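Inside the fold
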Amino acid sequence: MTAEVQFRFDGKVAIVTGAARGVGREIVRAFVEAGARVVAADRDGDGLAETCAPHRDGVTSIVADISTGEGANAIVDRATRTFGRLDICVNNAAVAPHAALLDERAEVWDRVYAVNCRGTFLMTQAAARAMIAGGRGGRIINFSSGAAQRGAAGGAAYASSRAATETFSRVAAVELAPHDILVNTISPGLIDTQPKPLPTEMAKRLAARIPNLPLARPGRPDEVAQLVLFLASDASSYISGAVISIDGASGAGSRFSGAVVDDDIRYDWVTRRTRASS
Ligand SMILES: NC(=O)c1ccc[n+]([C@@H]2O[C@H](COP(=O)([O-])OP(=O)(O)OC[C@H]3O[C@@H](n4cnc5c(N)ncnc54)[C@H](O)[C@@H]3O)[C@@H](O)[C@H]2O)c1
């Protein structure tokens, strides 16, 4: 199948947090290829340099921590000072350490919430203020996870922090709508972000999940990036306050194999099936 859909963002300015690797790196690439000018932000300077290396023009990078007010403000300031405006803010940065509930350390819990929730809040607030000052409206795209809907072991802090992001984004969508700022949340399922230096046991568990995914494959970062572009584009001008899954149906169920059995005698009156009398 070939995709003919193309979004253009010439003249537009986008912030992408968590841009040093994974999904964020692909979002930067997609925006640059679509003509946007991009602020690539992350706390990892080396990763940011790798992200930006292929792009000669239109990208500026900033090492900053989104969980602090100074970090969030510095990222937004970079956009308005360097490019003169801000149209799109993609709050993709997150941390996802997993721990058994009985062993979970409160300081790790706090750190996860500081990045995933406070960081999303601080970035949304700073970006919205700049967008309102610019008077052209804007788009804010936050991130959640399919994990927010499940009770998977080890995800107490991460999964619940992502659920909080969804609720926060709904509130933001309502409060910012009068300013023509649309706020949506992307909820990915398993996305294959390589290289991924995972602990062996975790890598094994992830690999074991793949055959059970409805499409029997994880998603690709560029597939998530295309959804980001759609939500930043004029094609989504009446979508706000939504949580949009990109999970190849893994939130809907497991891979289907075999046949649907449809011979329940109780419903012959519904199906109008006639049976040979014995
Ligand atoms: N990859 C998946 O399977 C998956 C599944 C569900 C949801 N998600 C969500 O998608 C988004 C991207 O996931 P990913 O797998 O590419 O993540 P990743 O862990 O590969 O990259 C996250 C990036 O965020 C940066 N970051 C972390 N804390 C930061 C901070 N305080 N300030 C600035 N930068 C910070 C990291 O340095 C890193 O570069 C996340 O929001 C994640 O919750 C991913």
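Now for a description of the structure that goes with this document. This one's a predicted model, so the numbers in the text were calculated from it and none came from an experiment. (Residues numbered from 1 in each chain as written. Predicted model: local features only at pLDDT ≥ 70, side-chain atom pairs only at ≥ 80, totals over all residues.)

Further remarks concern the site of the ligand. Near the ligand lie 27 residues; those nearest to it are Gly-18, Gly-22, Ala-94, Phe-143 and Ser-145. Those elements that place two or more of their residues in the shell around the ligand are α1 (22-33) and α4 (106-134). For the shell around the ligand, the leading source of residues is α1, giving three residues. Of the residues assigned to the shell around the ligand, the class counts are 12 nonpolar, 10 polar and five charged. (Near = placed C-beta within 6 Å. Helix = DSSP H or I, 4+ residues; strand = E, 2+ residues; numbered from the N terminus. Nonpolar A, V, L, I, M, F, W, Y, C, P; charged D, E, K, R; others polar.)

What follows concerns the pairing of strand β3 (residues 59-63). Bridge analysis of strand β2 (residues 37-42) against β3 gives five bridges, and the strand direction is parallel. Its bridge partner being in β3, Ala-40 is matched across the sheet by Ser-61. As for the winding sense of the linkage, the β-α-β connection from β2 through helix α2 (residues 45-52) to β3 is right-handed. (Pairing = 2+ DSSP bridges. Right-handed = clockwise from strand over helix to strand, strands pointing away.)

What follows concerns unusual backbone geometry. Phi at Asp-180 takes a positive value of approximately 65 degrees, unusual for a residue other than glycine. Here Asp-180 lies in the loop between α5 (156-176) and β6 (181-188). Given 15 C-beta atoms within 10 Å, Asp-180 falls into the partly exposed group. Its identity is not glycine, yet Ala-249 carries a phi of approximately 75 degrees, on the positive side. As for its position among the elements, Ala-249 is in the loop between β7 (243-246) and α8 (268-271). (Buried ≥ 20, exposed ≤ 12 C-beta atoms within 10 Å, placed from the backbone.)

Next up on the list: the sheet that holds β6. Reading across the sheet, the seven strands line up as β3-β2-β1-β4-β5-β6-β7 and stay open at both edges, with parallel pairing between neighbours. Each edge of the sheet is formed by a strand with only one pairing partner; in this case those strands are β3 and β7. The mean inter-strand angle of the sheet, taken between neighbouring strand axes irrespective of direction, is 20 degrees. As paired strands, strand β1 (residues 13-17) and β2 are joined by five bridges and run parallel to one another. Bridged to Val-13 within β2 is Arg-37. (Axes fitted to C-alpha atoms, helices over the stretch in contact; angles between N-to-C directions.)

Here the focus is the nonpolar core. Judged by nonpolar contacts, the single largest core of 68 residues is most densely connected at Ala-14, Ile-15, Val-16, Phe-31, Val-38, Ala-127 and Val-228. Top contributing element to this core by residue count: α4, with 11 residues. Not counting the four nearest positions on each side in its chain, Ala-127 is found in contact with Ile-15, Val-76, Leu-86, Cys-89 and Ile-140. (Core = buried A, V, L, I, M, F, W, Y, C linked by C-beta atoms within 7 Å. Contact = placed C-beta atoms within 7 Å.)

A word on the packing of helix α3 (residues 69-83) against α4. Running from N to C, α3 and α4 cross one another at 35 degrees; their axes reach a closest spacing of 9 Å. Between α3 and α4 lies a crossing of right-handed hand. From α3, Gly-69, Ala-72, Asn-73, Val-76, Ala-79 and Thr-80 reach across to α4, where they touch Leu-122, Met-123, Ala-126, Ala-127 and Ala-130. A per-class count over the contact of α3 with α4 returns eight nonpolar, three polar and no charged. (Left-handed = near helix turned anticlockwise from the far one by under 90°.)

Bringing the packing of α1 against helix α7 (residues 221-232) into the picture now. Where α1 meets α7, the closest approach of the two axes is 8 Å, and the angle between their N-to-C directions is 55 degrees. As the angle between them shows, α1 and α7 are arranged oblique. As α1 packs across α7, the resulting crossing turns out to be right-handed. Every residue of α7 that contacts α1 at Gly-22, Val-23, Glu-26, Ile-27 and Ala-30 is listed here: Pro-221, Asp-222, Val-224, Ala-225, Gln-226, Val-228 and Leu-229. Residue composition of the contact of α1 with α7, grouped by class: eight nonpolar, two polar and two charged. (Parallel < 35°, antiparallel > 145°, perpendicular 65-115°, else oblique.)

Tracing the sequence through the fold places Phe-168 in helix α5. Its 18 C-beta neighbours within 10 Å are what place Phe-168 among the partly exposed residues. On a C-alpha basis, the gap between Phe-168 and Asn-142 in space is 9.5 Å, while along the polypeptide they are 26 residues apart.

Between its first and last C-alpha, α5 extends 30 Å over 21 residues, near the 30 Å set by a 1.5 Å rise per residue. On the buried face of α5, the contacting elements are α4, β5 (138-143) and β6. (Expected span 1.5 Å × (residues − 1).)

All right, on to the environment of Ile-75 then. For Ile-75, the position within the fold is in helix α3. What makes Ile-75 buried here is the crowd of 28 C-beta atoms within 10 Å. Note: C-alpha distance between Ile-75 and Gly-248 (173 residues apart in sequence) is 33 Å. Once you skip the residues sitting within four places of it in the chain, Ile-75 turns out to touch Ile-15, Thr-17, Val-39, Ala-41, Ile-62 and Ala-64.

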